[in-house]
Amino acid sequence: MTTSSAPSAARLPGTALVTGASRGLGAVIARRLAAGGHPVAVAYRSGTEAALRVVTDIRAAGGTAEAFAADVTDEAAVTGLVADVADRLGPVGVLVANATGPQPLTEPDAVTWQDHLDQLTFFVKSPTLLMQAVLPAMREHGAGRIIQIGSDVLERALPEMSPYVAAKAAQHALTEIWARALGPYGITVNTVAPGWIPVERHADATPEALASYAAGVPLRRMGRPEDIAATVAFLASPAAGFVTGERVKVNGGHTLG
């Protein structure tokens, strides 16, 4: 294996590819990375108008962004996505694997194998396809950042979310393995593990549910998408060049003790 020297700050940031970026955490992460100087590929599967709004916001703030529609659970689609991003914005230097699917609540005695496969498709298959697609350019440049969006459900061990929890545990196992395997190429790999961060899909959450959760957070508030985006931006920066294989919980201390 040929190792490369540490990248200079001038070789970063590179193009940032953010999956699931038309709304929720992904949209906020995309805006934050663009504000930090990254050309941003706003990847999405559905919701073209929402994705274009994110692109418009980034451009209005002086950044560079393009929208890319793709199913990141499909091998051919991922290969095409990464090639299109490279053609339109430049090679991917930062990958943020944020795309997710439905997260149904099912008690363990009713879980099917398909329930597990559905979650593994988003949190094992998709990140693997994305990593493999961006790896050649990162190796060539001797630098790269792969950041997976995980969850603090591993510590919470919610019985009604066992397929999701299991898949998130597997996702971080990949982070650790890839960190060891890709480090010699100057590529860092980390997981950001949010707590409950209310976004659009939580619109039906009651004030009582939000207050109950916040009461169990030492900082006594709900997390905000900006909290996650700030952590992602740090891990994507030259300042985090010696941080790899980590799972950074961003939950206000909710799972302490």
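Use the structure listed above.
Just so you know, these numbers come straight off a predicted model, no measurement behind them.

Cut-offs used in this document
- Residues numbered from 1 in each chain as written.
- Predicted model: local features only at pLDDT ≥ 70, side-chain atom pairs only at ≥ 80, totals over all residues.
- Heavy atoms only, no water.
- Helix = DSSP H or I, 4+ residues; strand = E, 2+ residues; numbered from the N terminus.
- Expected span 1.5 Å × (residues − 1).
- Buried < 20%, exposed > 50% of the residue type's maximum accessible area, 1.4 Å probe, protein only.
- Contact = heavy atoms within 4.5 Å.
- Axes fitted to C-alpha atoms, helices over the stretch in contact; angles between N-to-C directions.
- Left-handed = near helix turned anticlockwise from the far one by under 90°.
- Nonpolar A, V, L, I, M, F, W, Y, C, P; charged D, E, K, R; others polar.
- Pairing = 2+ DSSP bridges.
- Salt bridge = Lys/Arg side-chain N within 4 Å of Asp/Glu carboxyl O.

(A) Inspection of helix 4 (residues 113–141) at higher detail. With 29 residues, helix 4 should cover 42 Å at 1.5 Å per step; its first-to-last C-alpha distance of 40 Å lies within 8% of that length. Residues of helix 4 that are buried: Gln119, Phe122, Phe123, Ser126, Pro127, Leu129, Leu130, Met131, Val134, Leu135 and Met138. In the core, the buried residues of helix 4 are packed alongside strand 1 (15–18), helix 3 (75–88), strand 4 (92–97), strand 5 (144–149), helix 6 (162–182) and strand 6 (187–194). Downstream of helix 4 by a residue or two, glycine 142 has a phi angle that is positive, lying close to 70°.

(B) Broad picture of the packing of helix 3 against helix 4. Running from N to C, helix 3 and helix 4 point in directions that differ by 35°, and their axes come no closer than 9 Å. The way helix 3 lies across helix 4 gives a crossing that is right-handed. On the side of helix 3, the interface is formed by Glu75, Val78, Leu81 and Val82, while helix 4 contributes Leu129, Leu130, Ala133 and Val134. A per-class count over the contact of helix 3 with helix 4 returns 7 nonpolar, no polar and 1 charged.

(C) Geometry of the sheet that holds strand 3 (residues 65–69). The strand order across the open sheet formed by 7 strands is 3-2-1-4-5-6-7, and the pairing between neighbours is parallel. Across the chains shown, the open sheet's two edge strands, defined by having one partner strand only, are strand 3 and strand 7 (247–250). The sheet shows a mean angle of 20° between the axes of neighbouring strands, direction not considered. The pairing of strand 4 with strand 5 spans 4 bridges and is classified as parallel. From the neighbouring strand, valine 96 faces strand 5, where its bridge partner is isoleucine 147. Lying over the sheet, helix 2 (residues 48–60) contacts strand 2 (40–44) and strand 3, oriented at roughly 165° with respect to strand 3.

(D) Up close: the pattern of salt bridges. Taken as a whole, this structure holds 6 salt bridges when the rule is applied. The residue arginine 31 makes a salt bridge to aspartate 57 at a minimum N-O spacing of 2.9 Å. Placement of arginine 31 in helix 1 (residues 24–35) and of aspartate 57 in helix 2 is noted, with a sequence separation of 26 residues between them. Among the charged side chains, a network of salt bridges with common partners joins Arg59, Glu66 and Arg88.

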